[in-house]
Amino acid sequence: MPVWLEAGLWGLVAGGALVLGALVAWRVRVPQRVVAGVMAFGAGVLLSALAFELVAPAEEQGGLGPTVAGFLGGAVAYVAANEWLARRGARHRKRSGGHQPSEQEAAGSGAAIAVGALLDGVPESVVLGLSLLGGEGVGLGVLVAVFLSNVPEGLSSAAGMKRAGRGARYVFGVWGAIAAVSGLAAALGAAALGGASPTTVAVITAVAAGAILAMVADTMIPEAFERTHALTGLVTALGFLTAFAVHHLGE
């Protein structure tokens, strides 16, 4: 199987976790405290993957300078795009409570939320595709981290969409499209960078890592802290340790 096709399939699997989370939120009334706890766990998983699966390997491949530059560039680009979308109604796209505006309250917010969800998911998918370029199969730690974090993301955001009065066609249309784009982004990442230099791969990995960290801080942790408060740190630490254990076992 071509590497790009394998990457696309794994990206689709990871993106499918968003649909799974949305389906749970749509069918079951999950307490907001539980949603927030799962979100905190997912944030910890992603933070661990950033440290051990993305930033450290990027520095080993490309050196400290390119890694730092790429990381900061990714964070700045994400924050700028996120702020632009926030002004159009997508600031609380991952919140499960009554924070998301309805289309009547903020015209165009539905489209902004959909684009914001895409902004959140693409960096994760790209690094998933890049993990296959070493010839040793998909990076298990990255795959587990993205999957485990996508479930609460889809769950929390879909719960918020439902509360804002958005229908099933919109909710599952958004997450189904994001899952498909996740697979495409992973495939394109592997195909476009298959013959790239280690430094180039390192920079792209660092850019994605910076964007993911900014996303965790801007959209996941606020939702987690609002409901779990003092337990947020502990649950996040458990998520971090879980992903670290997966990384260690996969070596």
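Basis of the calculations
Residues numbered from 1 in each chain as written. Predicted model: local features only at pLDDT ≥ 70, side-chain atom pairs only at ≥ 80, totals over all residues. Heavy atoms only, no water. UniProt positions renumbered as here; feature names shortened; annotations may be inferred. Helix = DSSP H or I, 4+ residues; strand = E, 2+ residues; numbered from the N terminus. Expected span 1.5 Å × (residues − 1). Buried < 20%, exposed > 50% of the residue type's maximum accessible area, 1.4 Å probe, protein only. Patch = residues over 30% accessible without salt bridge, like charges linked within 9 Å, V, L, I, M, F, W, Y side chains within 5 Å. Areas by Shrake-Rupley, 256 points an atom, 1.4 Å probe, with all protein chains shown as cover. Salt bridge = Lys/Arg side-chain N within 4 Å of Asp/Glu carboxyl O. Phe/Tyr/Trp six-rings, centres within 6.5 Å; stacked < 30°, edge-to-face > 60°.

Per an unreviewed UniProt entry, the protein chain goes by ZIP family zinc transporter and derives from Cellulomonas cellasea DSM 20118.

Draft legend 1. Looking closely at the UniProt feature "transmembrane region" (unreviewed entry) in the protein chain. Within this numbering scheme, the UniProt entry marks residues 7-26, 33-52, 64-85, 170-193, 199-217 and 229-249 as carrying the feature "transmembrane region" (unreviewed entry). Spanning residues 199-217, this segment combines 100% helix with 0% strand, and its end C-alpha atoms are found 27 Å apart. Helix makes up 86% of residues 229-249 and strand 0%, with an end-to-end C-alpha separation of 31 Å.

Draft legend 2. Just helix α6 (residues 168-192), in detail. Taking 1.5 Å of rise per residue, 25 residues should cover 36 Å, and α6 covers 35 Å from first to last C-alpha, within 8% of that figure. Three or more residues of α6 are buried, namely Val171, Val174, Trp175, Ile178, Ala179, Ser182, Gly183, Ala185, Ala186, Ala187, Gly189 and Ala190.

Draft legend 3. Main features of a nonpolar patch on the surface. A contiguous nonpolar surface patch, about 430 Å² in accessible area, is contributed by Met1, Trp4, Leu5 and Leu9. Mapping leucine 9 onto the fold places it in helix α1 (residues 3-27). The class of leucine 9 is partly exposed, set by a relative accessible area of 43%.

Draft legend 4. Highlighting the packing of aromatic side chains. In total, this model carries three aromatic pairs according to the counting rule given. Between tryptophan 26 and phenylalanine 172 the ring centres are 5.9 Å apart and the planes differ by 75 degrees, which places this aromatic pair in the edge-to-face class. Of this pair, tryptophan 26 sits in helix α1 while phenylalanine 172 sits in helix α6, and the two are 146 residues apart along the sequence. By relative accessible area, phenylalanine 172 is classed as partly exposed at 26%. Consider the rings of phenylalanine 52 and phenylalanine 240, whose centres lie 5.8 Å apart with planes at 65 degrees: the pair is edge-to-face. Within this pair, whereas phenylalanine 52 is found in helix α2 (residues 32-62), its partner phenylalanine 240 is found in helix α8 (residues 232-250), the two being separated by 188 residues in sequence. Relative accessible area serves as the criterion here: at 29%, phenylalanine 52 is assigned to the partly exposed category.

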